[in-house]
Amino acid sequence: PASVQETDDENDEIVKLCNAEAEKLFGLDLLAQLDRLIVFRRLEDEHLGHVLDRHFARMNRWLEPRGLRSEMLTDAREYLLEQGRRHTMFGARDLIVAHRREIEFPLADLIVSGEVPPGGLVAIDRRPGAEHLHFTVTAAEPPASRGGGPAREVPVEVTVSG
């Protein structure tokens, strides 16, 4: 197909430009010592979404044996993806740092402080216009009833010093 050929041609052109820039920067002597240059393209939103989903799933796998669950709602996910798009030249690094800073660390504080009971669910959301995420903790359902415990909102404000 023509689109595959166009993509291959585009990739070849990018590799040629990168090789030319590497030759200027490093010189032929150092370049001759390298087997090849690998060119990474910037991550698209779709790729960042997959990275975020994998990190969140990894965190939930860690929580599961401890009898805890977490759920990331759409607004929180979009907020984190926005944080991850700030410096796209670093790949997914900003996104991973934002996930740790905005979700993992505050959630760990909630768990250690006893705010999340065993079997509890933590829903992570973002309110419109808020510069932080909200964590709503719901107690586990008692075995005799299906109603579950009352939900408690636990706003976690993250201050980022720049």
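Residues numbered from 1 in each chain as written. Predicted model: local features only at pLDDT ≥ 70, side-chain atom pairs only at ≥ 80, totals over all residues. Heavy atoms only, no water.

Peer 1: Please give an account of the overall build of the chain that cites residues and values.
Peer 2: Secondary structure summary: the chain contains 4 helices and 4 strands in total. Put simply, the chain runs from its N terminus to its C terminus through helices and strands in the order α-α-β-α-α-β-β-β. Evaluated residue by residue, the chain yields a buried proportion of 28% over its 162 residues. For the chain, restricting intrachain contacts to residue pairs at least 6 apart in sequence, the fraction spanning at least 24 positions comes to 51%. About 11300 Å² of surface is accessible on the chain, with carbon and sulfur atoms providing 53% of the total. (Helix = DSSP H or I, 4+ residues; strand = E, 2+ residues; numbered from the N terminus. Buried < 20%, exposed > 50% of the residue type's maximum accessible area, 1.4 Å probe, protein only. Contact = heavy atoms within 4.5 Å. Areas by Shrake-Rupley, 256 points an atom, 1.4 Å probe, with all protein chains shown as cover.)

Peer 1: How would you sum up a negative patch on the surface? Please name residues and give values.
Peer 2: Among the surface-exposed residues, D8, D9, D12 and E13 lie close enough to one another that they form a single negatively charged patch. By secondary structure assignment, the location of D12 is in helix α1 (residues 2–33). Judged by relative accessible area, which is 44%, D12 ranks as partly exposed. (Patch = residues over 30% accessible without salt bridge, like charges linked within 9 Å, V, L, I, M, F, W, Y side chains within 5 Å. Salt bridge = Lys/Arg side-chain N within 4 Å of Asp/Glu carboxyl O. Lys, Arg positive; Asp, Glu negative; His and termini not counted. Charge placed at Lys NZ, Arg CZ, Asp CG, Glu CD.)

Peer 1: Go over the nonpolar core, please, and point to the residues and values.
Peer 2: Ranked by size, the top nonpolar core spans 23 residues in total, and within it M72, L80, I103, V122, I124, L133 and F135 carry the most contacts. When residues of this core are traced back to their parent elements, those giving at least two are α2 (45–63), α3 (74–84), α4 (93–112), β2 (121–125) and β3 (134–138). If we ignore the near neighbours within four places in the chain, the residues touching L80 are L52, M72, L95, A98, H99, E102 and I103. (Core = buried A, V, L, I, M, F, W, Y, C linked by side-chain atoms within 4.5 Å.)

Peer 1: How would you sum up the packing of α3 against α4? Please name residues and give values.
Peer 2: Two packed helices can be described by the angle between their axes and the distance between those axes. Packing of α3 against α4 brings their axes to within 7 Å, and their N-to-C directions diverge by 135 degrees. Here α3 is positioned oblique relative to α4, judged by the angle of their axes. In the crossing of α3 with α4, the sense of the turn from one axis to the other is right-handed. In contact with Y79, L80, L81, Q83 and G84 of α3, α4 contributes D94, L95, A98, H99, R101, E102 and I103. Taken together, the residues that form the contact of α3 with α4 break down as 6 nonpolar, 3 polar and 3 charged. (Axes fitted to C-alpha atoms, helices over the stretch in contact; angles between N-to-C directions. Parallel < 35°, antiparallel > 145°, perpendicular 65-115°, else oblique. Left-handed = near helix turned anticlockwise from the far one by under 90°. Nonpolar A, V, L, I, M, F, W, Y, C, P; charged D, E, K, R; others polar.)

Peer 1: Report on the pairing of β2, specifying residues and quantitative values.
Peer 2: Looking at chain direction, strand β1 (residues 69–72) and β2 are connected through 4 bridges and run parallel. Considered in β2, the bridge of S70 is made with V122. Of the strand pairs in this sheet, β2 and β3 are connected by 5 bridges, and their pairing is antiparallel. The residue bridging I124 from the neighbouring strand is F135, located in β3. (Pairing = 2+ DSSP bridges.)

Peer 1: Give me the environment of D45: which residues, what numbers.
Peer 2: Tracing the chain through its elements places D45 in helix α2. Through-space distance from the C-alpha of D45 to that of L81 is 7.7 Å; in sequence the pair is 36 residues apart. At a separation of 2.8 Å, a polar atom in the side chain of D45 contacts the side chain of R85. (Polar contact = N/O pair within 3.5 Å; in protein donor to acceptor, adjacent residues only side chain to side chain.)

Peer 1: Tell me what's going on with α2, and back it up with residues and numbers.
Peer 2: Between the first and last C-alpha of α2 there are 27 Å, a value that for 19 residues agrees with the 27 Å anticipated at 1.5 Å per step. Among all positions of α2, only L48, G49, L52, H55, F56, M59, N60 and L63 are buried. The buried residues of α2 occupy one face: seen down the axis, they fall within an arc of 140 degrees. The outward face of α2, more than 90 degrees from its buried face, is lined by the exposed residues E46, R54 and R61. Close packing links the buried residues of α2 with β1, α3, α4 and β2. (Expected span 1.5 Å × (residues − 1). Arc of directions from axis to C-beta.)

Peer 1: Kindly report on the pattern of salt bridges, identifying the contributing residues and their values.
Peer 2: Taken as a whole and assessed by the stated rule, the structure comprises 5 salt bridges. Salt-bridge contacts for E104 lead to R58; the nearest nitrogen and oxygen are separated by 2.9 Å. Taken as a pair, E104 in helix α4 and R58 in helix α2 lie far apart in primary sequence, 46 residues in all. On the accessibility criterion, E104 (17% relative accessible area) is buried. Across the pair E102 and R101 runs a salt bridge whose closest N-O atoms are separated by 3.4 Å. E102 sits in the buried class, given a relative accessible area of 3%.

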